[in-house]
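One letter stands for each residue in the lines below.
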Amino acid sequence: MFKIGLCQMKGSFDKGESMRTAERFVRRAAAEGAEVISLPEMWNCPYSNDYFREYAETADGDTVKFLSGLAADLGIYLIGGSIPELDGEKVYNTSFSFDRNGRIIGRHRKVHLFDIDVEGGIRFMESDTLTAGSEMTVIDTEFCRIGVAICYDVRFPEWFRKMALAGAKLIVLPAAFNLTTGPAHWDITMRARALDNQVYFAANSPARDEAAPYQAYGGSCIVDPWGQFVSHGDENECIIYGDIDLERVEAVRQQLPLLRHRRPELY
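Nothing here was measured: the structure is a model prediction, and the numbers come from that model.

Thoughts on the packing of aromatic side chains
Taken as a whole and assessed by the stated rule, the structure comprises 15 aromatic pairs. Each ring, one from Y47 and one from F52, has its centre 5.5 Å from the other, and the planes form 90°; the classification is edge-to-face. Each member of the aromatic cluster is reached from another via a ring pair, and the members are Y47, F52, F114, F124, Y152, F156 and Y214. If you follow R28 out to its NZ or CZ, it ends over the ring of F25, 4.9 Å from the centre. Between R109 and the ring centre of Y92, over which it is positioned, the NZ or CZ distance is 3.9 Å.

Shown next, in the form of structure tokens:
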């Protein structure tokens, strides 16, 4: 068993201020005994196509160095939320993961870009600025394999079944649902991904910031393999915690052997 902490924080137009906020949250989570800690999606820049390229950094830029140093200093596994990553002329929505020594052990580039137009709701086209990734990310820790995905990836259940089949027992999702999709789909989607794959599922939102160009729903949550909430935040800044009980994962999979009962020869 180990403890995870999800840091639901507000970002800022000032990248340095955002890093100081992230450090404060991560240090507090580590002080509370969390050994795996996550940050939210696009925490070091405004969530807007107008800013992604302006704030983008390479994989050896200041933000990644900051996250690496923080993980090493605290001796934690850090899922670094996501940041705009610059690679050549392309910009990706990327989550870097670090081990206790600050080494990068995972880099997930958001595979499914958030291109939606909801009547009476929100229109957002990530592909106007961002490039889609193409690889699944499952990292190895001393506890278990952990899958990492980003926000809109969660709408595609096949992606998460693939992680479970690759051995993931915990999946961490930095995600920024909005005030249209959040109330309608946030809770049910996170519960569904957990119970369908019999994993712990940890969805880490930014806190809602009414002064920001994009309104995040909030509601960071941790769901157990039976589909029950372990912990759930509201829209405000907070850290939520959960104990990841790997024996419970195995017990649920033994009692209701969904993964063994699959019929891949038929579908």
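What about helix α4 (residues 157–165)?
Buried within α4 are the following residues: W159, F160, M163 and A164. Take α4 and look down its axis: the buried residues cluster within an arc of 140°, on one side only. On its buried side, α4 packs onto β6 (104–109), β9 (137–140), β10 (145–148), β11 (168–174), α5 (181–197) and β12 (200–204). Positive phi shows up at G167, right after α4, with a value of about 105°.

Structural notes on the sheet that holds strand β13 (residues 221–223)
Sheet architecture is open: six strands sit in the order β9-β10-β11-β12-β13-β14, paired in mixed fashion. Each of the sheet's edge strands pairs with one partner strand only, and the pair in question is β9 and β14 (229–232). Neighbour-to-neighbour, the strand axes of this sheet turn through a mean angle of 15°, independent of strand direction. Bridge analysis of β13 against β14 gives three bridges, and the strand direction is antiparallel. Residue pairing for β14: I222 is matched across the bridge by S231.

Details of the packing of α4 against α5
Helices that pack against each other are described as a pair by the angle of their axes relative to one another and the distance between those axes. At a minimum axis separation of 10 Å, α4 and α5 run at an interaxial angle of 40°. The orientation of α4 with respect to α5, classified from their angle, is oblique. The two elements α4 and α5 meet at a crossing, and its hand is right-handed. Judged by residue contacts, P157, F160, R161 and A164 of α4 engage R193, D196 and N197 from α5. A breakdown of the residues in the contact of α4 with α5 according to their chemical character gives three nonpolar, one polar and three charged.

What counts and what doesn't
- One numbering rule holds for all chains: residues counted from 1, following each sequence as written.
- Local features are withheld for residues below a pLDDT of 70 in this predicted model, meaning they are given only at 70 or higher, and side-chain atom pairs are given and counted only at 80 or more; totals for whole chains, interfaces and linings count all residues.
- The side-chain figures draw on all heavy atoms in the structure; neither hydrogens nor water molecules are used.
- Planes of paired rings set the category: under 30 degrees apart is stacked, over 60 is edge-to-face and the rest tilted, where pairs are Phe, Tyr or Trp rings (Trp by its six-membered ring) whose centres lie within 6.5 Å.
- By definition, being over a ring means that NZ of Lys or CZ of Arg is both within 6 Å of the ring centre and within 35 degrees of the ring normal.
- Summary of the burial criterion: residues with accessible area below 20% of their type's maximum are buried, those above 50% are exposed, and those between are partly exposed, where the area comes from a 1.4 Å probe applied to protein chains only.
- For the purposes of this entry, the term helix denotes a DSSP run of H or I that reaches at least four residues, the term strand denotes a run of E that reaches at least two, and both are numbered from the N terminus.
- Working note: the arc is built from the helix axis to C-beta atom directions.
- Two residues qualify as a contact provided that any one of their heavy atoms is within 4.5 Å of a heavy atom in the partner residue.
- Two strands qualify as a pair provided DSSP detects at least 2 bridges between them.
- To obtain an axis, a line is fitted to C-alpha atoms, over the contacting stretch when the element is a helix, and the angle between two such axes runs from 0 to 180 degrees between their N-to-C directions.
- Throughout, the term roughly parallel applies to angles under 35 degrees, roughly antiparallel to angles over 145, roughly perpendicular to angles from 65 to 115, and oblique to all others.
- Put simply, a crossing is left-handed when the front helix is turned counterclockwise from the back one by less than a right angle, and right-handed when it is turned clockwise.
- Following the grouping adopted for this structure description, the nonpolar residues are Ala, Val, Leu, Ile, Met, Phe, Trp, Tyr, Cys and Pro, the charged ones are Asp, Glu, Lys and Arg, and the polar ones are all others, Gly among them.

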